[in-house]
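Single-letter residue listing:
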Amino acid sequence: VATIVGSVCVLVLGRLLDRIDLRLFTGATTIFVAFGCWVFGQANNVVSLFIGILIIRFTAQGLWGTSAQVSMARYFDADRGKAAAVANTGYALGFAAFPLIGTYLLSAYDWRTAWNISGWFVLLAVLPLILIQLRGHGERHKYYEKNLAELTEGPIETQIRQWTMSEVLKDVRFWLIQPAMIAVPSIVFAIQFHQLYLVELKGWDLTRFAGSYSLFAVMSLAATLVGGVLVDRYGSRRLINAYLWPLIPALLVLGLMEHTSAIFFLMALTGFTFGLGLVVFVTLWAEMYGTKYMGAIRSFNVFFNVMVASCIMVLTGWLIDQKVSLMAMCNGGIALVFCSLVLFAIERRITLIRPK
């Protein structure tokens, strides 16, 4: 519930990225991340636990990532793909580093102290680092506004339309692309959320499965960096056609293979797809709808992705309780991928015949 409510908070607050100074937005978000850590560390009942999870979900998981991705799409025009790739390496590095850091903190301290330390680290280390990185942002934003004015008010042949959120929601192409955008997080997070079920069903070693997340992180990092270069060269649309395909062999491996080696195939393929998706999620909307209202557009997608992925995880759990076979669920995931590709092909057809 905290995750779903947090996604609604991202939907409401994320659009402020289009209206207020980035330094103020990220500074306030970071302070609330630290506050959420402290609330979590002091939780002694269900209500305070809910509040702690909610604050961390919509600030650290939601607004932090959204502000980074929107900023890359907005302020780096010619090399938008590479900029998004650099920003999104944080996700891959986080997958690799934070389980180890968390394990160390829990071995040295109790869980409350670990959360309190995290809060102080965010406030005393992360906040100053963010503010240092944003030095000179005022001049950068003025340059962006100058370029934006030239794109929207110049000669008709060079104008680029800046879509509002209400206009985007009325565009049929936006909804035809959504299945391709939500298929990856829905499937990948469903696998991760039900990992104990998979380990028990397959007879795999839990430690080996947990350790394989380092491979997921490496493949995600590599795909993110490669994807950034490919986006700048070929555009985001071509990458969408490519990034969904690794999910099909990943789901076949998950459904058919019992050997421990399946873990590494699964992590490599899903990590690669996840890494490519991180770049596409940022750059596609900027290419289609401009950057002026990117905060609102990206926030809506975060909200929509979380809602759908949460429903998929619940549905998967219900199917497990109903004794539906793993192979049948994997076939359902493959069907979702193919359906997404078909709808995206229809969207491309509409884009080709629609006048600019």
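Note that the structure is a prediction, hence the values are computed from the model and not measured.

(A) View of the environment of Tyr143. By the secondary structure assignment, Tyr143 is in helix 6 (residues 137-153). Note on Tyr143: relative accessible area 54%, which makes it exposed. Between the C-alpha atoms of Tyr143 and Ala60, which are 83 residues apart in sequence, the distance is 29 Å.

(B) Up close: helix 2 (residues 22-42). When the terminal C-alpha atoms of helix 2 are compared, their 30 Å separation across 21 residues agrees well with the 30 Å that a helix rising 1.5 Å per residue should span. At the N-terminal boundary of helix 2, the capping side chain belongs to Asp21, with an oxygen 2.7 Å from the backbone nitrogen of Arg23.

(C) Broad picture of the pattern of salt bridges. Under the definition given, this model contains seven salt bridges. Here Asp21 makes a salt bridge to Arg23, at a shortest N to O gap of 2.8 Å. Here Asp171 ties to Arg173 by a salt bridge, and the two come within 2.9 Å at their closest N and O atoms. By relative accessible area, Asp171 is classed as buried at 3%.

(D) Summary view of the packing of aromatic side chains. Inspection of the entire model under this criterion finds 20 aromatic pairs. Arranged with centres 5.2 Å apart and planes meeting at 85 degrees, the rings of Phe174 and Trp175 form a pair that is edge-to-face. Looking at Trp175, the relative accessible area reads 35%, which means it is partly exposed. Seen from their ring centres, Trp204 and Phe209 are 6.2 Å apart, and the 15 degrees between their planes marks the pair as stacked. Phe209 shares its class with Trp204; the two are buried. In this structure an aromatic cluster arises from ring pairing among Trp163, Phe174, Trp175, Trp285, Tyr289, Phe300, Phe303 and Phe304.

(E) Representation of the environment of Trp163. By the element assignment, Trp163 lies in the loop between helix 6 and helix 7 (165-169). Residue classification places Trp163 among the buried residues on the basis of a relative accessible area of 10%. Note: C-alpha distance between Trp163 and Lys142 (21 residues apart in sequence) is 20 Å.

(F) Geometry of the nonpolar core. The biggest cluster of nonpolar side chains holds 83 residues, and the ones touching the most others in it are Ile240, Leu244 and Trp285. For this core, the element with the highest residue contribution is helix 14 (residues 261-289), accounting for 16 residues. If near-sequence neighbours (up to four positions away) are discounted, Leu244 is found in contact with Ala180, Ala183, Val184, Val337, Ser340 and Leu341.

Here is what the cut-offs are and how they apply
- Residues numbered from 1 in each chain as written.
- Predicted model: local features only at pLDDT ≥ 70, side-chain atom pairs only at ≥ 80, totals over all residues.
- Heavy atoms only, no water.
- Helix = DSSP H or I, 4+ residues; strand = E, 2+ residues; numbered from the N terminus.
- Buried < 20%, exposed > 50% of the residue type's maximum accessible area, 1.4 Å probe, protein only.
- Expected span 1.5 Å × (residues − 1).
- Polar contact = N/O pair within 3.5 Å; in protein donor to acceptor, adjacent residues only side chain to side chain.
- Salt bridge = Lys/Arg side-chain N within 4 Å of Asp/Glu carboxyl O.
- Phe/Tyr/Trp six-rings, centres within 6.5 Å; stacked < 30°, edge-to-face > 60°.
- Core = buried A, V, L, I, M, F, W, Y, C linked by side-chain atoms within 4.5 Å.
- Contact = heavy atoms within 4.5 Å.

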